Amino acid sequence: MNTALSWIKAYVPDLDVIRVEDNYYMVSTTMHLSPGMPIMKSKDLVNWEIVNYCYDILDDSDELSLRNGKEAYGDGTWAASIKYHDGKFYVSASSQTSVLDGYNHDLSLLFDDQDDGTHIYMFTGSGSVHVRELQEDAEGNVTYKDGGLDQTIIENANYGEDINLKAEGAHAYKINGKYYIFMI
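Calculation notes
Residues numbered from 1 in each chain as written. Predicted model: local features only at pLDDT ≥ 70, side-chain atom pairs only at ≥ 80, totals over all residues. Heavy atoms only, no water. Helix = DSSP H or I, 4+ residues; strand = E, 2+ residues; numbered from the N terminus. Buried < 20%, exposed > 50% of the residue type's maximum accessible area, 1.4 Å probe, protein only. Polar contact = N/O pair within 3.5 Å; in protein donor to acceptor, adjacent residues only side chain to side chain. Contact = heavy atoms within 4.5 Å. Salt bridge = Lys/Arg side-chain N within 4 Å of Asp/Glu carboxyl O.

Trainee: What am I meant to see in the side chain of Thr29 here?
Mentor: Following the sequence through the fold, Thr29 ends up in the loop between strand E2 (23–27) and strand E3 (36–42). In this structure Thr29 comes out as buried when scored by relative accessible area, which is 1%. At a separation of 2.8 Å, a polar atom in the side chain of Thr29 contacts the main-chain amide nitrogen of Ala79. Here Ala80 takes part through its backbone nitrogen, which lies 3.5 Å from a polar atom of the side chain of Thr29. In this structure Thr29 touches Tyr11, Pro13, Asp14, Thr77, Trp78, Ala79 and Ala80, once residues within four positions along its chain are discounted.

Trainee: Would you mind going over the environment of Lys174 with me for this structure?
Mentor: Checked against the element boundaries, Lys174 lands in strand E12 (residues 171–175). Judged by its relative accessible area of 34%, Lys174 falls in the partly exposed class. Here the alpha-carbon distance between Lys174 and Phe111, two residues 63 residues apart in the chain, equals 8.6 Å. Only 2.8 Å separates the side chain of Lys174 from the side chain of Asp112, close enough to count as a polar contact. Within the local environment of Lys174, its side chain forms a polar contact with the side chain of Tyr179, the two groups lying 3.5 Å apart.

Trainee: What am I meant to see in the pattern of salt bridges here?
Mentor: A side chain of one charge can pair with a side chain of the opposite charge if their charged atoms are brought near each other. Applying the stated criterion to the full structure yields seven salt bridges. Of the charged contacts in the structure, one is a salt bridge between Lys88 and Glu136, with a shortest N-O distance of 3.3 Å. Separated by 48 residues along the polypeptide, Lys88 in strand E6 (residues 88–95) and Glu136 in strand E9 (residues 129–136) bring together distant segments of the chain. On the basis of relative accessible area, Lys88 is assigned to the partly exposed category, the value being 38%. What makes Glu136 partly exposed here is its relative accessible area of 31%. Lys145 serves as the salt-bridge partner of Glu133, at 3.4 Å between the closest nitrogen and oxygen. A residue pair is termed long-range when its members are at least 10 positions apart, and Glu133 in strand E9 and Lys145 in the loop between strand E10 (142–144) and strand E11 (150–154) qualify at twelve residues. Looking at Glu133, the relative accessible area reads 6%, which means it is buried. On the basis of relative accessibility, which here comes to 34%, the residue Lys145 falls in the partly exposed class.

Trainee: In this structure, what is going on with unusual backbone geometry? I would like to understand it.
Mentor: Among all residues except glycine, the phi angle is most often negative; among peptide bonds, the trans geometry is most common. Non-glycine residue Glu21 carries a positive phi angle of around 55°. Within the secondary structure, Glu21 sits in the loop between strand E1 (16–20) and E2. The phi torsion at Met37 lies on the positive side, around 50°, for a residue other than glycine. As for its position among the elements, Met37 is in strand E3. The buried category is assigned to Met37, whose relative accessible area is 6%.

This is the structure we're talking about:
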């Protein structure tokens, strides 16, 4: 048995991994770095290749380009999430600029196929877990669903009282009819 370890020689924080048929796909946070949010592919969860990026550049500002003594470490994208539904890949991330109104800390998506159709949920939060229902239009744009689910489902997701970092990065899954939420 080969017990050698294989390493991804890159900065790969806040990753999310899914399986589509015989392939695994992973997305990672890149904060202020460009190109941003690499999409990686693997057959065995050991050997990965970068197959694309979600964007080439967020903005050509001094902060995001690290020019003139400026920086924007926390102002890029973070907490990336990848999902696959009906033949399409969906990637979401938290950012100071968003296509959705309001701030959604460490968001991730869940596509939930039910008897009345597919429901799209966005999970967010820092210290708590909030879920909000989304809708997709004919062009694949995602917006908040009017009258859809919009509630906090876990008030205090923190582990213990004496911890500075609040629970965040909720990723939700539906497996065999049961819902699971994983957080850091």
